[in-house]
Amino acid sequence: MQSIAPKEGDKIFIMKTFSYQGAKTKEISFPLGGIGSGCIGLAGNGQLIDWEIFNKPNKFGRNGFSHFAIKAERDKKVLDARVLQGDVTGPRSGNGNANFGGLGFGVNRETMAGLPHFRKVSFEGEFPFAALTFQEPAFPGRVQMTAFNPFIPLNDADSSIPAAFFSFDVTNTSKKPIDYTVALTTRNPQDKANVNRAMKSGGITLLHQEGTALPADDVKFGDICIGTNSPDSSHQEYWFRGGWFDNLGIWWRNFTSPGPLKNRSYPESSGGNDHASLAARITVPAGKTGTIRFVLAWNYPNQTNYWNPEKKECCGEGCACKPATWRNYYATLFKDSAATVRYCLKNWTRLYSETLRFKETLFASTIPAPVLDAVSANISILKTPTVMRLEDGSLYGFEGCHCGAGCCEGSCQHVWNYAYALPFLFPKLERSMRELEYRYSLGDDGSLAFRLQLPIGRARSAFRPCADGQFGTVMKMYREWKISGDTAWLKKWWPSVKKTIEYAWAPTNADRWDPEKTGVLWGRQHHTLDVELFGPNSWLTGFYLGALKAGAEMADACGDPEAAAEYRRIFAKGKEWTDRHLFNGEYYHQEVKLKDRAQLEQFSTKGPDGKYAAGEAYNAYWNNEHKELKYQILEGSGIDQVLAQWHANLIGLGEIFDPKQTRSALRAIYKYNYKPSMRDYANFCRVFCLEDEAGTVMFDWPAGKYKPMIPMTYAEETMHGFEYQVAVHMIQEGMLKEGLDVVKGVRDRYDGETRNPWNEIECGSNYARSMASYSLLNAFSGFSFNMVNRQIGFNPVHAVNGKFRCFWSLDSAWGDITITPQGAVLQVLHGKLELKSMALSFADKNSTVSASINGRRVACKRIKDIIDFGTVIAIPAGSSLRIKGKLKKR
């Protein structure tokens with residue numbers, strides 16, 4: 001791999017502060033929530049927005065006047081009081097087309113923009129932490145809010161808590177003590193029969209908001225709770241009930257009066273606009289800082305398939321049959337939101353410190369700023385409504401989020417193919433996705449439905465399998481096996497995996513992928529761009545080759561030598577043909593008879609009238625005006641043409657395509673597909689990149705190459721997950737500058753002003769494919785792993801001042817690696833790592849090595865670039881493996 005030392009002043013290597021101010025905070029919505037629990041967005045100015053806690057996305061959704069506020073008092077006089085947020089960032093004439101509330105009615109009152117607030121807010125975002133600093137000359141003190149939700153790799157339970165954690169550090173800048181009160185207000189989300197009740201025990205004060213109108217199994221049943229562990233707290237169970245603007249006006253008079261809040265109680269409400277406030281008070285001496293903590297938790301336990309309901313016949317009794325429901329995983333951990341708040345406050349120190357350890361380890365990585373930005377920002381997708389956890393803890397994902405619903409159901413195989421964060425950070429959850437696929441999406445003939453249907457046990461999707469999803473699943477099974485080292489798990493699922501591979505030539509495969517076992521896909525191939533390719537192409541055949549190669553190794557491990565031998569034979573034949581026939585001397589392309597409509601007949605069925613229906617391939621893929629097939633690539637340069645090799649590099653599978661041809665193809669993608677500016681580029685599709693922004697388009701046709709009249713769908717778009725994979729592949733193959741250009745092009749678009757840094761979009765918000773960015777970590781560290789053999793390795797592509805440091809994670813442990821020319825230190829910060837050997841890149845063949853754990857010498861010998869420990873060594877959390885030896889300079 002290429003080694004490039006950063007030059008002094010080279011901005012791409014300077015560590016980013018991840019700080020946003022002024023206009024750069026406009027688009028920010030930082031997700032606070034657990035894996036599969038939904039989230040609340042923390043806006044760049046401190047507002048609580050995007051309340052996505054009700055088992056579905058809720059972009060732009062607010063929860064009444066929910067907010068934080070602060071006041072300063074001395075000698076029973078209020079010195080100043082303000083809402084803890086900055087200036088409003090949205091349209092000032094109003095927004096939307098609602099009557100009596102849209103355009104022409106001013107700023108939405110629920111933004112609290114009409115109340116005194118802070119003049120300036122700076123937002124520092126290092127996921128999973130956000131830190132906001134509030135500045136106002138009239139306020140006697142400095143205020144910083146820190147917000148987070150536990151994100152602890154391998155600890156999926158604590159990382160799935162349905163709550164948002166807030167800590168306020170208030171510094172008294174005056175010369176006398178000041179009493180500061182921070183209050184959190186939330187609206188009871190239940191539509192009717194609201195009940196708000198305060199309770200105090202064990203040093204914790206809670207304000208629980210629920211409803212009594214719905215049965216516990218109703219999909220809208222739920223509650224929220226706010227809590228603090230402050231010893232000096234007060235509360236107001238209900239805001240004043242009135243009309244017009246009464247409730248907010250009375251609240252502000254109550255809050256800005258000296259002293260604690262005075263409680264107000266009402267009987268159960270028939271409406272749905274009851275707010276409650278919880279306040280915590282501290283006395284801070286001059287020049288000192290005090291801290292107040294709050295937790296906001298939610299509990300909406302019942303989920304249903306609202307996006308694609310299962311059609312059932314009524315029972316015949318005249319009732320309205322209820323749709324099938326299931327419980328969220330988090331509902332098995334906590335009885336209700338009050339129990340969640342108690343757990344969070346009692347375990348705050350541990351949850352905070354373990355999350356901070358992960359964040360600090362990740363951000364200590366000596367990788368370029370755009371890379372760290374891309375990796376850290378996109379792991380936030382796991383905390384959004386893109387993801388849900390079923391009652392047994394299994395993970396299910398949409399592709400992304402519409403504003404009010406999940407976007408594109410079913411843990412879509414070919415989209416989640418690109419998502420590399422989960423298998424390393426929470427590998428148990430990734431394995432649960434494979435198990436769901438093989439339990440519920442596998443046909444008897446080996447065909448895999450690429451969208452899992454909910455509720456579990458429902459009839460699988462009848463749509464044809466997709467080639468990249470089918471064979472990508474096989475490669476992912478190989479990856480999960482290597483990450484975990486669990487061969488018993490692999491053996492359990494091997495018969496299903498074997499069926500998946502052999503569906504390529506199954507007689508029941510109506511798409512005739514490879515009936516002659518040539519190792520090349522010839523027939524109709526559905527794929528992630530939502531249409532079908534006809535004829536051989538490296539993109540999808542690469543997945544097939546990867547599945548064959550991975551399948552052979554898994555077959556060996558599972559005691560199936562006949563299958564292993566057959567897969568290797570087919571792989572060798574297919575690889576040779578692909579490298580020879582699908583490479584045009586510069587890049588890989590598609591071989592298809594573009595003008596031959598007859599090739600569509602074998603995938604079409606005639607109707608009773610002897611004609612093909614409009615939806616049949618014979619008509620659906622034929623451009624009658626120009627007499628050629630639609631949605632094909634032909635001689636175009638595709639961003640995914642060698643995608644399978646990217647996967648293979650990351651999972652240790654080895655060569656799929658010829659190495660020289662692969663590097664040539666990547667150079668062609670940079671030459672043709674990467675656009676330093678989109679200003680003069682014609683894009684007819686969705687616009688994710690425009691004007692002077694840089695991006696890498698899906699397909700381009702160099703001068704002299706024929707572009708079909710109706711080319712591949714999305715051809716002119718820039719879609720981030722695809723851009724990340726090709727950037728990583730470039731870096732893997734020594735094209736460091738080019739790969740960084742592509743990454744920087746993506747992240748420059750997400751600057752807080754034009755787009756939200758924690759919401760990369762594709763088909764909706766929080767798009768799963770963007771988690772391809774996690775693989776940048778593995779590329780920069782040259783991370784290799786085979787926990788079946790208890791081996792890991794590192795071969796970084798660059799260093800800063802001769803030193804490289806990077807976060808790593810596997811099934812049993814996570815930590816970091818530090819490499820210098822004098823040796824390496826592997827730290828285990830969580831879990832326990834068991835190793836037999838370790839791969840490092842040594843400077844010369846005569847370099848001697850030694851190893852120790854926490855200063856205790858460990859026997860080892862060097863075999864080329866492998867350090868063999870002779871037996872399994874255990875490195876528990878808090879321990880370090882130190883290797884001394886002359887390593888290659890970076």
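Structure: above.
Residues numbered from 1 in each chain as written. Predicted model: local features only at pLDDT ≥ 70, side-chain atom pairs only at ≥ 80, totals over all residues. Heavy atoms only, no water.

**Focus: the overall build of the protein**
What the protein contains, in helices and strands, is 18 helices and 41 strands. Against the compact-globule benchmark of 29 Å for 890 residues, the protein has a radius of gyration of 29 Å, which places it among compact chains. A principal-axis box enclosing the C-alpha atoms of the protein has dimensions of 85 × 80 × 55 Å. Burial statistics for the protein: of 890 residues in total, 61% are counted as buried. Summarising the internal contacts of the protein: among those between residues at least 6 apart in sequence, 70% fall at separations of at least 24. Of the accessible surface of the protein, which amounts to about 33100 Å², a share of 50% is contributed by carbon and sulfur atoms. Taking the average place of the 107 positive charges on the side chains of the protein and the average place of its 93 negative ones, the gap between the two points comes to 6 Å. (Helix = DSSP H or I, 4+ residues; strand = E, 2+ residues; numbered from the N terminus. Rg over C-alpha atoms; globule rule 2.2 N^0.38 Å. Buried < 20%, exposed > 50% of the residue type's maximum accessible area, 1.4 Å probe, protein only. Contact = heavy atoms within 4.5 Å. Areas by Shrake-Rupley, 256 points an atom, 1.4 Å probe, with all protein chains shown as cover. Lys, Arg positive; Asp, Glu negative; His and termini not counted. Charge placed at Lys NZ, Arg CZ, Asp CG, Glu CD.)

**Considering unusual backbone geometry**
A cis amide bond, omega 15°, links F127 with the succeeding residue P128. Note on placement: P128 falls in the loop between β7 (120-126) and β8 (129-135). The omega torsion across L454 and P455 is 0°, close enough to zero to call that bond cis. On the secondary structure map, P455 appears in the loop between α8 (427-440) and α9 (467-484). Its identity is not glycine, yet A193 carries a phi of approximately 55°, on the positive side. By the secondary structure assignment, A193 is in the loop between β11 (178-187) and β12 (194-201). Even without glycine at this site, D530 takes up a positive phi of about 75°. Looking at the secondary structure, you find D530 in the loop between β24 (524-526) and β25 (532-534).

**Some details on the sheet that holds β8**
Two strands in a sheet stick together by hydrogen bonds in their backbones, pointing the same way (parallel) or opposite ways (antiparallel). One open sheet holds the 9 strands; their spatial order is β1-β7-β8-β9-β10-β17-β14-β13-β12, and the pairing between them is antiparallel. On the outer flanks of this sheet lie β1 (19-21) and β12, each paired with one strand and no other. Averaged over all adjacent pairs, the angle separating strand axes in this sheet is 15°, with direction ignored. Pairing of β7 with β8, which is carried by 7 bridges, proceeds in the antiparallel orientation. Counterpart to V121 in the pairing with β8 is F134. The sheet strands contacting helix α3 (residues 337-346) are β10 (163-171), β12, β13 (204-211), β14 (223-228) and β17 (289-299), and the helix crosses β14 at an angle near 30°. (Pairing = 2+ DSSP bridges. Axes fitted to C-alpha atoms, helices over the stretch in contact; angles between N-to-C directions.)

**Observations concerning the packing of helix α14 (residues 643-651) against helix α16 (residues 720-732)**
Contact geometry of α14 with α16 gives a least axis separation of 10 Å together with a crossing angle of 60°. The angle between α14 and α16 places the two elements in the oblique class. For the pair α14 and α16, the crossing hand works out as left-handed. Contact residues: α14 offers L643, Q645, W646, N649 and L650, while α16 offers Q725, V728, H729 and Q732. In the contact of α14 with α16, the residues fall into 4 nonpolar, 5 polar and no charged. (Parallel < 35°, antiparallel > 145°, perpendicular 65-115°, else oblique. Left-handed = near helix turned anticlockwise from the far one by under 90°. Nonpolar A, V, L, I, M, F, W, Y, C, P; charged D, E, K, R; others polar.)

**Side note on the packing of aromatic side chains**
Summed over all chains, the structure comprises 63 aromatic pairs. Aromatic pair F148 and F165: ring centres 4.8 Å apart, planes at 35°, arrangement tilted. Here F148, found in strand β9 (residues 142-148), pairs with F165, found in strand β10; they are 17 residues apart in sequence, far enough to count as distant. With relative accessibility at 1%, the residue F148 sits in the buried group. Exposure remark for F165: the relative accessible area of 0% places this residue in the buried category. Plain terms: the ring middles of F450 and F463 are 5.9 Å apart, the flat faces sit at 90° to each other, and that makes the pair edge-to-face. (Phe/Tyr/Trp six-rings, centres within 6.5 Å; stacked < 30°, edge-to-face > 60°.)

**Considerations on helix α12 (residues 561-581)**
Along its 21 residues, α12 runs 30 Å from first to last C-alpha, staying within 8% of the 30 Å computed at 1.5 Å per residue. What α12 keeps buried is the set A563, A564, Y567, I570, F571, G574, K575, W577, T578 and D579. (Expected span 1.5 Å × (residues − 1).)

**Observations regarding α16**
Its 13 residues place the ends of α16 18 Å apart at the C-alpha level, agreeing with the 18 Å of an ideal helix rising 1.5 Å per residue. Counting buried positions over the 13 residues of α16 gives 13, a clear majority of the element. G734 sits one or two positions beyond α16 and adopts a positive phi of about 90°.

**Remarks on the pairing of β9**
Within β9, 5 of the 7 residues are buried, which leaves it mostly tucked inside the rest of the structure. In this structure, β8 lies alongside β9, joined through 6 bridges in antiparallel fashion. Following the sheet pairing, F134 is matched in β9 by V143. When β9 meets β10, the two strands line up antiparallel, connected through 7 bridges. Looking at the pairing, F148 lines up with F165 of β10.

**So, the sheet that holds strand β16 (residues 275-284)**
Pairing is antiparallel in the open sheet, where 5 strands are placed in the order β6-β5-β11-β16-β15. The open sheet has two free edges, formed respectively by β6 (77-83) and β15 (233-236), since each of these has just one partner strand. Strand-to-strand twist of the sheet, defined as the mean angle between neighbouring strand axes without regard to direction, takes the value 20°. Two elements, strand β5 (residues 67-74) and β6, share 6 bridges in a ladder whose sense is antiparallel. Paired with K71 across the strands is A81, a residue of β6. In the packing of helix α1 (residues 246-255) onto the sheet, the strands contacted are β5, β6, β11, β15 and β16, and the crossing angle to β5 comes to about 35°.

**So, the side chain of T500**
Within the element layout of this structure, T500 appears in helix α10 (residues 487-502). For T500, the side chain forms a polar contact with the main-chain oxygen of S496, separated by 2.8 Å. Setting aside its immediate chain neighbours within four residues, T500 contacts Y438, L442, G446, L448, Q470, F471 and V474. (Polar contact = N/O pair within 3.5 Å; in protein donor to acceptor, adjacent residues only side chain to side chain.)

**Digging into the pairing of β8**
Of all the 7 residues making up β8, 5 are buried; the element is thus mostly covered by neighbouring parts of the structure. Hairpin remark: β7 followed by β8, antiparallel, with 2 residues in the connecting loop. The turn linking β8 back onto β9 is made up of 6 residues, and G141 within it adopts a positive phi angle of 155°.

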